[in-house]
Amino acid sequence: GGGVCQVATTVFDAAFLGGYSILERHNHSFYISHYLKGLDATVADGGFDLRFANDTDHAIVIRTSTTPTTMTVVFLSHPTGRTVSWKAGAESNFSEPKTRHIADGDTPAKTIVQQTQGERGFDITVRRTVLNADGSVLREGDFPSRYTAEDIVFQVGKGAKLPAGATFEG
């Protein structure tokens with residue numbers, strides 16, 4: 001995880017901000033805090049894909065570069081004169097994480113180790129407007145995202161006492 005979706009998100013952002021037509025984009029199932037809310041993209045072999053269309057009369061050269069901590073994607077083409085603006089709506093439709101206790105033979109006996117902090121799930125929609133050079137609207141569209149709650153997970157060693165009301169999984 002991380003590398004392929006970093007490429008997908010960075011290419012999506014370049015196409016999105018370039019005003020190109022987005023034909024297919026899927027957000028991650030969980031919100032990942034180092035991406036802008038609603039502006040991430042995920043791909044999966046044989047599953048989700050990212051597709052955009054070059055709706056200009058000119059070719060696009062996609063130039064990429066990386067450092068140990070960054071990735072840059074630049075679209076080079078004839079100037080389109082387009083202006084792109086976007087606004088993220090309010091987060092809504094919240095869902096709370098569940099707490100799970102999973103029996104784990106590698107966790108020391110009689111101990112409980114928290115593996116994930118958990119994150120609230122939510123919906124968010126980003127609205128994009130693309131204007132032509134003359135100021136007329138080329139396209140407007142919404143990019144909805146649904147992020148599911150990420151559970152709070154504890155690994156439980158043999159003989160550990162669970163909190164009241166908690167049950168084991170697996």
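Presented here is a report on the structure given in the accompanying data block. These numbers were taken from a predicted model, which means no experiment stands behind them.

## Topic: the packing of aromatic side chains
Under the defined criterion, the tally for this structure stands at 10 aromatic pairs. Judged by centre distance (5.6 Å) and plane angle (45 degrees), the rings of Phe-12 and Phe-16 are tilted. Here Phe-12 pairs with Phe-16, and both are found in helix H1 (residues 3-17), just four residues apart, close to one helical turn. Here Phe-12 and Phe-16 have matching classes, each one buried. What links up through ring pairs into an aromatic cluster is the set Phe-12, Phe-16, Trp-86 and Phe-143. The ring centre of Phe-12 lies 5.3 Å from the NZ or CZ of Arg-25, which sits over that ring. Positioned over the ring face of Tyr-31 is Lys-37, at 5.6 Å from the centre of the ring.

## Regarding the side chain of Thr-56
Mapped onto the elements of the fold, Thr-56 is located in the loop between strand E2 (51-53) and strand E3 (61-66). At 2.7 Å, the side chain of Thr-56 and the side chain of Asn-54 are in polar contact. A distance of 3.1 Å separates the side chain of Thr-56 from the backbone oxygen of His-58, its partner in a polar contact. Residues contacting Thr-56, with those up to four places away along its chain left out, are Tyr-20, Thr-80 and Arg-82.

## Here's the deal with the pattern of salt bridges
Under the criterion given, the structure shown has 11 salt bridges. In this structure, Asp-151 engages Arg-100 in a salt bridge whose closest nitrogen and oxygen atoms are separated by 3.8 Å. Taken together, the positions of Asp-151 in the loop between strand E10 (137-147) and strand E11 (152-156) and Arg-100 in strand E7 (residues 99-103) put the pair 51 residues apart, joining distant regions of the chain. Several salt bridges share partner residues, and in doing so they unite Asp-55, Arg-82 and Arg-139 into one network.

## Topic: the sheet that holds E11
With mixed pairing, four strands are arranged side by side in an open sheet as E8-E11-E7-E12. In the strand order of this sheet, the two ends are held by strand E8 (112-114) and strand E12 (168-169), each with one partner. Note: E7 against E12, two bridges, orientation parallel. Of the residues in E12, the one forming a bridge with Ile-102 is Glu-169.

## Notes on the nonpolar core
Core analysis: the largest hydrophobic core is formed by 15 residues, its most contacted members being Phe-12, Phe-16, Phe-75 and Phe-143. Not counting chain neighbours up to four residues away, the residues in contact with Phe-143 comprise Phe-12, Phe-16, Ile-22, Arg-25, Ile-124, Thr-125, Val-126 and Arg-128.

The rules we used
Residues numbered from 1 in each chain as written. Predicted model: local features only at pLDDT ≥ 70, side-chain atom pairs only at ≥ 80, totals over all residues. Heavy atoms only, no water. Phe/Tyr/Trp six-rings, centres within 6.5 Å; stacked < 30°, edge-to-face > 60°. Helix = DSSP H or I, 4+ residues; strand = E, 2+ residues; numbered from the N terminus. Buried < 20%, exposed > 50% of the residue type's maximum accessible area, 1.4 Å probe, protein only. Lys NZ or Arg CZ within 6 Å of the ring centre and 35° of its normal. Polar contact = N/O pair within 3.5 Å; in protein donor to acceptor, adjacent residues only side chain to side chain. Contact = heavy atoms within 4.5 Å. Salt bridge = Lys/Arg side-chain N within 4 Å of Asp/Glu carboxyl O. Pairing = 2+ DSSP bridges. Core = buried A, V, L, I, M, F, W, Y, C linked by side-chain atoms within 4.5 Å.

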